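# Examining the three-dimensional arrangement
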Amino acid sequence: MNLHTVLCERLGSRYPVVQTAMGWVADANLTAATCNAGGFGFFAGATTEPGDVENQILAIKSKTDRPFGVNFHMFQPNAEEVISVVIKHKVRAVSYGRGPDAKTIKRLKDAGVVCMPTVGAVKHAVKAVELGADIITVQGGEGGGHTGAVPTTILLPQVLDAVKVPVVAAGGFFDGRGLAAALGYGAAGIAMGTRFLMTNESPVPRSALDRYLATKDPTLIRTTTAVDGLPQRFIENAEIRRLENMSLPARLAMSMKYARQWGKESGLGPIAMAKLGLKVLSSGENSFAQTVMAPNLPTLVQRGVVEGNTETGLLPSGQAAAMIDRLESCEELIARIVSEAEARLKAISALVAAN
């Protein structure tokens, strides 16, 4: 049996397994390792410092000759830089959540770039296809980071019925049984974040990885709106509880402090920061409070997954972490997932043939 779907054809991967673009985690090394192992890796361009995007693309190319993707969103200060570099270096695909508009999508598609947004609702999937998306990734509520309330087992068939482009399933996947199940639903493949975060090639410090491995109760990997006003899934820790117990004024004051810090690190002055905030607010995707609190996320997540501080930092995670008991290389992980999926699909075929 050869697990080769339309997703493989579109992305140029050997297997229908996608590594998502986790901020500060999906670096050049992890992206290349995924691609070399037969999957398709997305580089986290959305959290790459201005002026460094091309260096990172070249770093990926130095580590793999396989196609790969880049993630971005239109509200990052260097969105145009990412788009230009992607087109210049003929990157195979882009993933995105917020934006871009139809004009930007056409620009990418005209350059041969596959547009593959991630959505968490049927209406967003339909809108993304109307704007020109080639492939849709649907993330159910089990997924990490910003997430919705609808589980993958409900969202996936809803979207499959609503759109005519290939659909990739995300949220709650970690092994070959999940891949077989997604293919059974009609998906073209699966996308995983947490499972790739918990690999040998992950840049996450061992102190944080040990916390991921030690979390065996999926109810402790829960959603909260305390960080930036939007529902996000993290491993519960002291920082989550502290944020949830803060008053809104205190949380907004903390956000302003982090905003100044983030602006300084990004090379943005007060006027540029104000323009960026107005751009986000005018998009209609965020309320005023959510826009003000947005700087909390990068500061606290970097503290967790970059510095390895598991108490005062945040650890974004899908509930799948509770099912993962060891680190593997990307090569071992993808080979095992494919083998397990093939075994399950053969078993199902045998059941059908017996009847």
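Up top is the structure these notes are about.
The structure presented is a predicted model; accordingly, all values stated were derived computationally and were not measured.

## Let's talk about the overall build of the chain
Of regular secondary structure, the chain possesses 16 helices and 12 strands. For the chain, with 355 residues in total, the buried portion stands at 53%. Here the analysis covers contacts within the chain between residues at least 6 apart in sequence; of these, 63% occur between residues at least 24 apart.

## Section: the pattern of salt bridges
Pairs can form between side chains of opposite charge whenever their charged atoms are close. If you walk through the whole model with that rule in mind, you get 15 salt bridges. A salt bridge links Glu244 to Arg222, with the nearest nitrogen and oxygen atoms 2.9 Å apart. Here the residue Glu244 occupies a position in helix H11 (residues 238–245), and Arg222 occupies one in strand E11 (residues 221–224), the gap between them amounting to 22 residues. Each member of the salt-bridge network shares a partner with another, and the members are Arg195, Arg326, Glu328, Arg336 and Glu340.

## Focus: the layout of surface pockets
Empty space within the second largest pocket amounts to approximately 230 Å³. If you go around the second largest pocket, you meet 16 residues; those closest to its centre are Thr152, Thr153, Gly171, Gly172 and Phe173. At the level of elements, helix H7 (152–162) and helix H8 (176–185) are the ones that each hand at least two residues to the lining of the second largest pocket. By residue number, the principal contributor to the lining of the second largest pocket is H8, which donates four residues.

## Some words on the sheet that holds E11
In space, the three strands of this open sheet follow the order E8-E12-E11, with antiparallel pairing throughout. Across the chains shown, the open sheet's two edge strands, defined by having one partner strand only, are strand E8 (145–146) and E11. Contacting E11 and strand E12 (232–235), H11 crosses the sheet at an angle of about 25° to E11.

## Topic: the side chain of Thr199
Within the element layout of this structure, Thr199 appears in the loop between helix H9 (194–197) and helix H10 (206–214). Relative accessible area serves as the criterion here: at 0%, Thr199 is assigned to the buried category. In contact with Thr199, not counting residues within four places along its chain, are Leu30, Leu327, Glu328, Cys330 and Leu333.

## As for the pairing of strand E9 (residues 167–170)
Of the two faces of E9, the one lined by Val167 and Ala169 and the one lined by Val168 and Ala170 are each fully buried. Bridging between strand E7 (residues 136–139) and E9 involves four bridges; their strand directions are parallel. What sits directly across from Thr137, in E9, is Val168. Handedness of the crossover joining E9 and strand E10 (residues 189–192) through H8: right-handed.

## Here's the deal with the environment of Ala79
Among the structural elements, Ala79 can be located in helix H4 (residues 79–88). Taking the C-alpha atoms as reference points, Ala79 and Gly45, separated by 34 residues in sequence, lie 8.9 Å from one another. Contacts of Ala79, omitting those with residues within four sequence positions, involve His73 and Met74.

The rules we used
- Residues numbered from 1 in each chain as written.
- Predicted model: local features only at pLDDT ≥ 70, side-chain atom pairs only at ≥ 80, totals over all residues.
- Heavy atoms only, no water.
- Helix = DSSP H or I, 4+ residues; strand = E, 2+ residues; numbered from the N terminus.
- Buried < 20%, exposed > 50% of the residue type's maximum accessible area, 1.4 Å probe, protein only.
- Contact = heavy atoms within 4.5 Å.
- Salt bridge = Lys/Arg side-chain N within 4 Å of Asp/Glu carboxyl O.
- 1 Å grid on protein atoms, 1.4 Å probe; cavity = no way out; pocket = protein on both sides within 12 Å on 5 of 7 lines; lining within 4 Å.
- Points joined across faces, edges and corners; volume = space filled by probe spheres on them.
- Pairing = 2+ DSSP bridges.
- Axes fitted to C-alpha atoms, helices over the stretch in contact; angles between N-to-C directions.
- Right-handed = clockwise from strand over helix to strand, strands pointing away.

These figures come from the coordinates and say nothing about function on their own.
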